[in-house]
Amino acid sequence: MSDLLVRAARGERTERPPVWLMRQAGRHIPEYREIREDYSFVEAVTDPAVAERITLLPWERYRPDGLVLFSDILTILEPLGFEYHIESGVGPVIENPVSGPDDVDRSREPIPERLDYVGELLDRLEDRVGDRTSLIGFAGGPFTLASYAIAGEPTRNHLPARKFRLQHPEAFERLLDLFTEAVAEFLAYQVDRGADVVQVFDTYAGVLPPADYERYIVPRHREIVAAVDAPTILFVRNMNGRLGQLAAADPDVVGLDWTVEMGAARDQLGDLGVQGNLDPSVLFADRATIRERTREIIEAAGPQGHVLNLGHGVDRETPVDSVRTFVETAKNVRW
Ligand code: CP3
């Protein structure tokens, strides 16, 4: 059993940093693009055999220390009454977004039953690679899900959700509560079915001003973290200067975007685990630069409780050789 990732995520000292990449199971891999010619995104996500093949693509190429399930943060919207698809050139589109304050509470189907393809995917992965790498489950965070549910499509600064919180504060909280409960239940289910580590992607919550983040987000992140009986990584972008608000949710690991200086994060967060945080654009540089920048992060983070990752998802144009260099740089470390 390879438990490097689990040990680092628990804050332990490890012989080298474990490594995986956000969005590793996606468009930068040519075989992913081939598989997607035959299946829509939602078809690929909901068919455990297809999702298994895609989840394993980065394993076959790079042997990372963790495999993030091929799925999406938006899958949880379906049991809550929202339909979505991925529109090429646009991104995620919700067909029936929240139309007003009275349209927040919809059908609430049981999460595990409705999302049991995720459990089946975990079973399959456990059989295939469970003894050689860690399985990373995930869910979106309440604000990020609310932003899609309200706007119905990607927005640059999440203005629709930010407006909604001021125009309909009670409905906004009900929507956040709906997602908080569903996400807590979904993550607990994934751990039950074999996820070794989980990550909460509340990627966009950092667009809220600090006082509103404190009020609306921190208690809900705490609730989610408390419901999960496995090491939990909490990732929010744009939290530089207020990492304390991430730590306040009491996760095992704080996910850092690339605008955070790793050494400064360590000073601020003490013994708390950290994940990150190479700028994804560095993977477009030459090999020596990739190694050098990656080593700088590893050095600054030190031997304890560091999960090496990018500061956000791998870009779709990234050369596979660059990803290999990144992974190998971590694997060559001996503390
Ligand atoms: O490789 C992995 O990380 C595994 C699975 C994963 C996907 N999305 C697959 C995916 C994970 C963990 C996510 C998280 C996710 N999805 C987030 C949070 C983190 C982040 O990166 O911000 C968000 C906000 C989403 C919503 C979403 N779904 C977006 C923004 C997109 C991309 C749209 C686009 O056109 O680029 C998706 C679709 C999606 N999810 C793809 C993949 C591989 C691309 C679909 C495709 O065109 O093939």
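Residues numbered from 1 in each chain as written. Predicted model: local features only at pLDDT ≥ 70, side-chain atom pairs only at ≥ 80, totals over all residues. Heavy atoms only, no water.

Asks: Which parts of the structure should I look at to understand the UniProt feature "site: Transition state stabilizer" (unreviewed entry) in the protein chain?
Replies: With numbering aligned to this structure, UniProt lists the feature "site: Transition state stabilizer" (unreviewed entry) at Asp 72. Along the chain, Asp 72 falls in the loop between strand 1 (66-68) and strand 2 (84-87). Looking at Asp 72, the relative accessible area reads 15%, which means it is buried. Aside from chain neighbours lying at most four places away, what touches Asp 72 is Phe 41, Tyr 84 and Phe 138. In terms of polar contacts, Asp 72 uses its side chain to reach the backbone amide nitrogen of Leu 74, at 3.0 Å. (UniProt positions renumbered as here; feature names shortened; annotations may be inferred. Helix = DSSP H or I, 4+ residues; strand = E, 2+ residues; numbered from the N terminus. Buried < 20%, exposed > 50% of the residue type's maximum accessible area, 1.4 Å probe, protein only. Contact = heavy atoms within 4.5 Å. Polar contact = N/O pair within 3.5 Å; in protein donor to acceptor, adjacent residues only side chain to side chain.)

Asks: Help me out: how do you make sense of the site of the ligand in this one?
Replies: If you check the shell around the ligand, you find 25 residues, and the closest are Arg 23, Arg 27, Tyr 32, Arg 36 and Asp 72. Sorting the residues of the shell around the ligand by element identifies helix 2 (30-38) and strand 3 (91-94) as the ones contributing at least two each. When its residues are assigned to classes, the shell around the ligand shows 14 nonpolar, 6 polar and 5 charged. (Near = heavy atom within 4 Å. Nonpolar A, V, L, I, M, F, W, Y, C, P; charged D, E, K, R; others polar.)

Asks: Which parts of the structure should I look at to understand the pairing of strand 4 (residues 134-140)?
Replies: Looking down a regular strand, the side chains alternate between one sheet face and the other. With respect to burial, strand 4 is a largely interior element, 7 of its 7 residues being buried. Both faces of strand 4 are covered, namely the face carrying Ser 134, Ile 136, Phe 138 and Gly 140 and the face carrying Leu 135, Gly 137 and Ala 139. With 3 bridges joining them, strand 1 and strand 4 adopt parallel strand pairing. Along strand 4, the bridge assignment pairs Val 68 with Ile 136. Pairing analysis gives 5 bridges linking strand 4 to strand 5 (residues 197-201), with the strands arranged parallel. Its bridge partner lying in strand 5, Gly 137 is registered against Val 198. (Pairing = 2+ DSSP bridges.)

Asks: Explanation requested: the packing of aromatic side chains in the structure shown.
Replies: Any two aromatic rings considered together are summarised by their centre-to-centre distance and by the angle between their planes. With the rule as written, the count across this model stands at 7 aromatic pairs. Aromatic side chains Phe 138 and Phe 201 sit 5.5 Å apart centroid to centroid with 85° between the ring planes, which places their arrangement in the edge-to-face category. Taken together, the residues Phe 138 in strand 4 and Phe 201 in strand 5 connect sequence positions 63 residues apart. Across the pair, exposure class does not vary: Phe 138 and Phe 201 are buried alike. Note on Phe 201 and Phe 235: the rings are 6.2 Å apart at their centroids and 75° apart in plane angle, and the pair reads as edge-to-face. Of this pair, Phe 201 sits in strand 5 while Phe 235 sits in strand 6 (residues 232-235), placing them 34 residues apart in sequence. Phe 235 carries the same exposure label as Phe 201, and that label is buried. (Phe/Tyr/Trp six-rings, centres within 6.5 Å; stacked < 30°, edge-to-face > 60°.)

Asks: Teacher, can you tell me more about the packing of helix 8 (residues 159-167) against helix 9 (residues 169-192) here?
Replies: Each pair of packed helices can be summarised by the angle the axes make with each other and by the distance between the axes. For the pair helix 8 and helix 9, the least separation of the axes is 5 Å and the interaxial angle reads 120°. With respect to helix 9, the axis of helix 8 lies oblique. Between helix 8 and helix 9, the residues in contact are Ala 161, Phe 164, Arg 165, Leu 166 and Gln 167 and Pro 169, Ala 171 and Phe 172, respectively. In the contact of helix 8 with helix 9, the residues fall into 6 nonpolar, 1 polar and 1 charged. (Axes fitted to C-alpha atoms, helices over the stretch in contact; angles between N-to-C directions. Parallel < 35°, antiparallel > 145°, perpendicular 65-115°, else oblique.)

Asks: What should I look at first to understand helix 13 (residues 287-301) in this one?
Replies: For the α-helix, the turn length of 3.6 residues means that residues three or four positions removed from each other point alike. The terminal C-alpha atoms of helix 13, which comprises 15 residues, lie 21 Å apart, in line with the 21 Å expected from a rise of 1.5 Å per residue. Listed as buried for helix 13 are Ile 290, Thr 294, Ile 297, Ile 298 and Ala 301. The arc that holds every buried residue of helix 13, seen down its axis, measures 100°, which confines them to one face. Looking at the buried side of helix 13, the elements it contacts are helix 12 (262-269), strand 8 (273-278), strand 9 (306-310) and helix 14 (320-331). At the N-terminal boundary of helix 13, the capping side chain belongs to Asp 286, with an oxygen 3.2 Å from the backbone nitrogen of Ala 288. A positive phi of about 80° marks Gly 302, the residue just after helix 13. (Expected span 1.5 Å × (residues − 1). Arc of directions from axis to C-beta.)

Asks: I keep staring at unusual backbone geometry and nothing clicks. Help me out?
Replies: Peptide bonds are trans in most cases, and residues, glycine excluded, mostly fall at negative phi. Residues Gly 276 and Asn 277 are joined by a peptide bond in cis, for which omega reads -10°. Assignment of secondary structure puts Asn 277 in strand 8. One non-glycine residue, Arg 63, lies in the positive phi region at around 50°. With respect to the helices and strands, the residue Arg 63 is situated in the loop between helix 4 (48-62) and strand 1. The class for Arg 63 is partly exposed, based on a relative accessible area of 37%. A positive phi angle, near 65°, is found at Asp 250, a position not held by glycine. Here Asp 250 lies in the loop between helix 11 (244-247) and strand 7 (253-255).

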